[in-house]
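So the chains spell out like this:
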Amino acid sequence: LYRRYGLWFRLRKLIIWLLGMYIAIPFLVKLCPAIQAKLVFLNFVRVPYFIDLKRPQDQGLNHTCNYYLQPEEDVTIGVWHTVPAELWKNARGKDQLWFEEALGSSHPVILYLHGNAGTRGGDHRVELYKVLSNLGYHVVTFDYRGWGDSIGSPSERGMTYDALHVFDWIKARSGDNPVYIWGHSLGTGVATNLVRRLCERETPPDALILESPFTNIREEARSHPFSIYRYFPGFDWFFLDPITTSGIKFANDENVKYISCSLLILHAEDDPVVPFHLGKKLYNIAATSRSFRDYKVQFVPFHTDLGYRHKYIYRSPELPRILR
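Conventions we followed
Residues numbered from 1 in each chain as written. Predicted model: local features only at pLDDT ≥ 70, side-chain atom pairs only at ≥ 80, totals over all residues. Heavy atoms only, no water. Helix = DSSP H or I, 4+ residues; strand = E, 2+ residues; numbered from the N terminus. Buried < 20%, exposed > 50% of the residue type's maximum accessible area, 1.4 Å probe, protein only. Patch = residues over 30% accessible without salt bridge, like charges linked within 9 Å, V, L, I, M, F, W, Y side chains within 5 Å. Areas by Shrake-Rupley, 256 points an atom, 1.4 Å probe, with all protein chains shown as cover. Salt bridge = Lys/Arg side-chain N within 4 Å of Asp/Glu carboxyl O. Contact = heavy atoms within 4.5 Å. Pairing = 2+ DSSP bridges. Axes fitted to C-alpha atoms, helices over the stretch in contact; angles between N-to-C directions. Expected span 1.5 Å × (residues − 1).

Chemist: Please explain unusual backbone geometry as it appears in this structure.
Modeler: It is generally the case that most residues other than glycine have a negative phi and that most peptide bonds are trans. Note the cis peptide between valine 47 and proline 48, where omega equals -5°. Positive phi, normally seen in glycine, also occurs at serine 212, with a value near 55°. Along the polypeptide, serine 212 turns up in the loop between strand E6 (207–211) and helix H8 (217–223). The class of serine 212 is buried, set by a relative accessible area of 0%. Of note, arginine 309 is a non-glycine position whose phi angle comes to about 50°, a positive value. Along the chain, arginine 309 turns up in the loop between strand E8 (297–302) and helix H12 (319–323).

Chemist: I tried to follow a nonpolar patch on the surface on my own but got confused; where do I start?
Modeler: There is a patch of nonpolar side chains on the surface, built from Trp8, Leu11, Leu14, Ile15, Trp17, Leu18 and Met21 and spanning about 720 Å² of accessible area. If you trace the backbone, leucine 18 turns up in helix H1 (residues 2–31).

Chemist: What exactly am I supposed to notice about the side chain of serine 185 here?
Modeler: Position of serine 185 among the secondary structure elements: in the loop between strand E5 (179–184) and helix H7 (186–200). In this view, serine 185 contacts Gly115, Glu211, Ser212, Phe214, Val274 and His310; residues no more than four positions away in its chain are not counted.

Chemist: Is there a simple way to think about the sheet that holds E5 in this case?
Modeler: Picture the strands of a sheet paired through backbone hydrogen bonds; they go either parallel or antiparallel. Reading across the sheet, the 8 strands line up as E1-E2-E4-E3-E5-E6-E7-E8 and stay open at both edges, with mixed pairing between neighbours. The open sheet has two edge strands with one neighbour each: strand E1 (64–72) and E8. Averaged over all adjacent pairs, the angle separating strand axes in this sheet is 20°, with direction ignored. Relative to E1, helix H6 (residues 156–174) is tilted by about 120°, and along the sheet it contacts E1, strand E2 (75–82), strand E3 (109–113), strand E4 (138–142) and E5. Most of the contacts of helix H11 (residues 276–287) go to E8, to which it runs at about 165°, and overall it touches E6, strand E7 (262–268) and E8.

Chemist: Explain helix H5 (residues 123–134) to me, please; I cannot follow it from the model alone.
Modeler: Relative to the 16 Å expected for 12 residues at 1.5 Å per residue, H5 spans 17 Å between its end C-alpha atoms, a close match to the ideal helical length. All of the buried residues in H5 are His124, Arg125, Val126, Leu128, Tyr129, Leu132 and Ser133. Among the structural elements, E2, E3, E4, E5, E6 and H12 are those in contact with the buried residues of H5. At the exit of H5 stands glycine 136, carrying a positive phi of roughly 100°.

Structural measurements only, silent on function.
Set out below in structure tokens:
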């Protein structure tokens with residue numbers, strides 16, 4: 001009996017402690033909005049660990065060069081430039097100047113904007129670079145300020161400015177070659193921010209590709225399957241308002257109303273991170289927007305049976321045809 005009582009006492013104590021933490025966390029997030037911002041960016045999660053971002057060849061990218069650019073004072077971002085696979089032999093042993101000049105070759109360029117967590121060396125990201133390189137694209141990608149080995153503090157404004165800086169850097173070297181913007185997950189928010197700004201200054205990219213996009217960060221946070229507080233009383237006040245207070249909006253649904261270029265949306269039906277219905281909703285908004293009336297807007301779903309989930313669309317054998 002004594003043993004049973006002791007076990008029940010410890011179990012009750014643990015339940016009370018867990019319940020107390022569950023109730024305390026919303027108040028902690030409300031008092032410290034920076035916590036919620038950290039959870040949106042997840043820039044402190046660096047996976048895979050122990051890789052040297054200065055050596056993309058360690059990830060099987062033998063035709064990739066590592067650069068560092070400086071969008072603003074006290075901000076430095078790490079960049080990878082992968083040339084088309086057919087230039088692989090020419091790229092061996094070449095320096096940064098050769099890679100920069102190669103952007104002027106007759107190959108289209110994709111600026112890839114990755115999602116939250118991890119770095120430009122993430123496994124699924126590297127695999128996509130390889131696929132796109134084999135299809136004849138230059139692939140330029142980078143870590144936003146505060147990610148990977150990039151220096152600076154993350155913010156939506158800062159991430160967008162970093163992307164703008166890299167885009168302008170590409171255009172200054174690529175001549176008349178097409179330049180496409182590809183955003184994935186949180187990177188779709190950066191991508192639409194960037195392209196809206198480019199369209200407003202009348203220098204739009206040749207196309208925008210959104211992989212696993214959401215409508216806006218509030219709807220994504222409310223729909224996120226990992227949100228254990230979704231039905232908590234005052235969820236918006238406790239969790240969503242601090243995101244807005246931190247200046248984080250990533251309003252894809254608003255941005256697409258001001259974008260004038262071809263748009264391709266890719267989304268897997270079994271996406272466990274960004275629900276499929278948000279990508280479909282964004283497509284419906286874009287398809288009826290007056291800004292796209294002279295441009296093609298396409299939504300490509302990937303059936304649940306394919307198992308592409310949130311980050312494996314690069315495995316689709318249909319991707320080359322879709323991009324063409």
